[in-house]
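# Structural features, examined
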Amino acid sequence: MSRTRAVSLALAAAVLWGLAWSAAPARLHAPDYLAEEKDLQDYLDQGESLLHRLNSPWAVSRYMPASGLIAAALYNHSGRDGWRVWRAATATAAFWLTAYLGFLCGAPALGLSAPIALWALGHLSGGARGGVPWHGSAPFPQPMMELLVLAAACLAADRAARPGVKRDRLLGTALGGALLFRSSLVFYPLWLAGQEALSGNRGRRAIRSWLTVGALAAVFVLPWGGVNRLVQGRWIFLENMKADPMIVTAIAGEAGTAAVDPYRAAPGEVMSWALERIRAEPGAYAAGYAGRLAGILGTEPFLWLAGLAGFFRRRRGHEVRAVAGLAVYFAAVHSLFAVEPGHLAPLRPLLAVLAAAGISSSHPQMPVSDRRRDRFALAAWALPVLMGGAAL
C-alpha cells in the first residue's frame, strides 16, 4: 500500500471514529441546553437583533456578530435536534483537525495519537469536562471557538513549514473569521511577527508575510465597525464592554471594591480606570497576572507537563514551534484579566498535539506531496466556515 493511500485511509478512519463517538446517544440526548448555557440568552438577543434589524444597540454590539447569529440560528430556528446534530458535527470536525495537526507535527500513527493523548491526559488532569477529548458537550460558544483555534493552529503550522503567500492568505483569512466570532486572537498576528523575528526571520519577505496576515485579519472586522457606527454612532470593532467585569475583577479582585461599576459604566470608563490603576500599582497587577497565569497552568497540569516535554523534545520542528507559540499566546492573553475556565478550552488539543509529537524520536518526512498538503490546508480552513454556514 502506498503512503498516500495509507494517509487517506487513516484520515477517513479518524473521521469515522470521531463521528461514531460524537454521535453516541448520550451526547445527542443531552440535558436541556437552556439549563447548560450560562450566557446563551445574551447571544440569542444579539442574534435576533441582527437577524430582524431590531433597534437594540447594546445587544447588537456586546458580542462579535458571528457568535450571536450562529446561536440564534441554532437554538431558535433549527429545533432541538438541530443544535444537537451541529454539536456532533463540530466534535467530528475537531477530532479531524486535532489528528491533522498531530500529523503535521509528526505525532505517531499519522496524527491519530494526538486525540488519543487528549483523551488520556484529559482524564488524568480531571478537567472541567471530565476528560472529554473534544468539545461536543461544552457550552456555547466554546465548540465553535475551539474549532476556529484548531484551524488557525493547523494553518500556522503548515505556513511555518512551507512559507508562502498562499499560506499567509489562508492564515490571515482564518484569523479574520475567528475574530468575527470572538476577539481572542486579535493580537496573534503581532505575536506571530514577534515570535518569528526573535527566531531570526526578519527579512523583507517576512515583513510582507506579517503584513499580509495582519491586514487580512483586520479587513474582516472593518465592516462590523461600520455596522456599529450606524447603530450606535461610534466605531466599535470588537466586543462592546463585554470584558469590563473581567477587567474589574482582575484589578480589584473577586471580593474587592472598585471606583467603577462595570455594569453601569460609560463606554471606555472601565478601561481608563484600569489603566490608571495599573500605572499607579504596576507591581500589584504584575503579581495578579502571574497568579492568573499560574492558575491556567494548574487547570490541566498533566496536559501542560506533557505538552512542555513534547515541545522541548521536538522544538526544532517548525510546525511544533508554531503550535507551541499559539498555545503560549492563548495562555498569556487570557491572563490579562479574569476569565472563566471554559475560555481556555482551545488550549487542550494544542497541548495534546505537542505531547503526542514528543513521542516521536525525529520529525518524519511528510508522505504526501505539496499539492495534497495544499488540499489538506484548504480543508482545515474550510471546516469552520462549513460549520458556521451549516448553523445558519
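What you are looking at is a predicted structure, and each value in this text was computed from that prediction instead of being measured. (Residues numbered from 1 in each chain as written. Predicted model: local features only at pLDDT ≥ 70, side-chain atom pairs only at ≥ 80, totals over all residues. Heavy atoms only, no water.)

## Notes on the overall build of the chain
The condition that has to hold: Every helix listed is a DSSP run of H or I at least four residues long, and every strand listed is a run of E at least two residues long, numbered separately from the N terminus. For the exposure calls, accessible area comes from a 1.4 Å probe over protein chains only, and a residue counts as buried if that area is under 20% of its type's maximum, exposed if over 50%, partly exposed in between. Residues are treated as being in contact if the distance between any of their heavy atoms lies within 4.5 Å. Only the protein chains shown count as covering a residue, and every accessible area follows the Shrake-Rupley method with a 1.4 Å probe.
The number of helices and strands found in the chain is 19 helices and zero strands. Here the chain holds 392 residues, and the buried ones make up 51% of them. Sequence-distant contacts, at least 24 apart, represent 75% of the contacts inside the chain between residues at least 6 apart. When the accessible area of the chain is evaluated, it comes to approximately 17,800 Å², of which 63% is carbon and sulfur surface.

## A word on the state of the cysteines
Defined as follows: Only a pair of cysteine sulfur atoms within 2.5 Å counts as a disulfide in this structure description.
Scanning the model with the defined rule gives zero disulfides in all. Here cysteine 105 is not cross-linked by a disulfide; its sulfur's nearest cysteine counterpart is in cysteine 154, at 8.4 Å. Note on cysteine 105: relative accessible area 0%, which makes it buried. Overall, cysteine 154 belongs to the buried group, its relative accessible area being 1%.

## Digging into the pattern of salt bridges
Put simply, the rule is: Should a side-chain nitrogen of Lys or Arg be within 4 Å of a carboxyl oxygen of Asp or Glu, the pair is scored as a salt bridge.
Applying the stated criterion to the full structure yields six salt bridges. The partner of arginine 159 in a salt bridge is aspartate 168, and the shortest N-O contact between them spans 2.7 Å. Side by side, arginine 159 and aspartate 168 carry an identical accessibility label, which is buried. The closest approach of N and O atoms between arginine 205 and aspartate 168, which form a salt bridge, is 3.9 Å.

## A look at the packing of aromatic side chains
The following threshold applies: In this scheme Phe, Tyr and Trp rings, the latter by its six-membered ring, pair at centre separations within 6.5 Å, and the angle between planes marks the pair as stacked below 30 degrees, edge-to-face above 60, and tilted otherwise.
With the rule as written, the count across this model stands at seven aromatic pairs. Centre to centre, the rings of tyrosine 188 and tyrosine 329 are 5.5 Å apart; their planes meet at 65°, and the pair counts as edge-to-face. In this pair, tyrosine 188 sits in helix H11 (residues 188-198) while tyrosine 329 sits in helix H17 (residues 318-333), placing the two residues 141 residues apart along the sequence. Of the two residues, tyrosine 188 and tyrosine 329, both sit in the buried class. Considering the side-chain rings of tryptophan 191 and tyrosine 329, the 5.6 Å spacing of their centres and the 65° angle between planes classify their relative orientation as edge-to-face. Taken as a pair, tryptophan 191 in helix H11 and tyrosine 329 in helix H17 lie far apart in primary sequence, 138 residues in all. Classification of tryptophan 191 by relative accessible area gives partly exposed; the value is 31%. A residue is classified by how much of its surface remains accessible, and tyrosine 329, at 3% relative accessible area, is buried.

## Some thoughts on the nonpolar core
Across soluble globular proteins, you tend to see nonpolar side chains buried next to one another. Inclusion rule: Buried residues of nine kinds, namely Ala, Val, Leu, Ile, Met, Phe, Trp, Tyr and Cys, make up a nonpolar core once their side-chain atoms join them within 4.5 Å.
Ranked by internal contacts, the top residues of the largest apolar core, which has 81 residues, are Leu97, Tyr100, Leu101 and Leu185. It is helix H9 (residues 142-161) that provides the largest number of residues to this core, a total of 13 residues. Dropping the residues within four chain positions of it, leucine 185 is found in contact with Val149, Ala152, Leu175, Ala178, Leu179, Leu326, Tyr329 and Phe330. Of all hydrophobic cores here, the second largest spans eight residues; its members include Ile247, Val248, Ala252 and Val270.

Shape is all these values report; function is a separate question.
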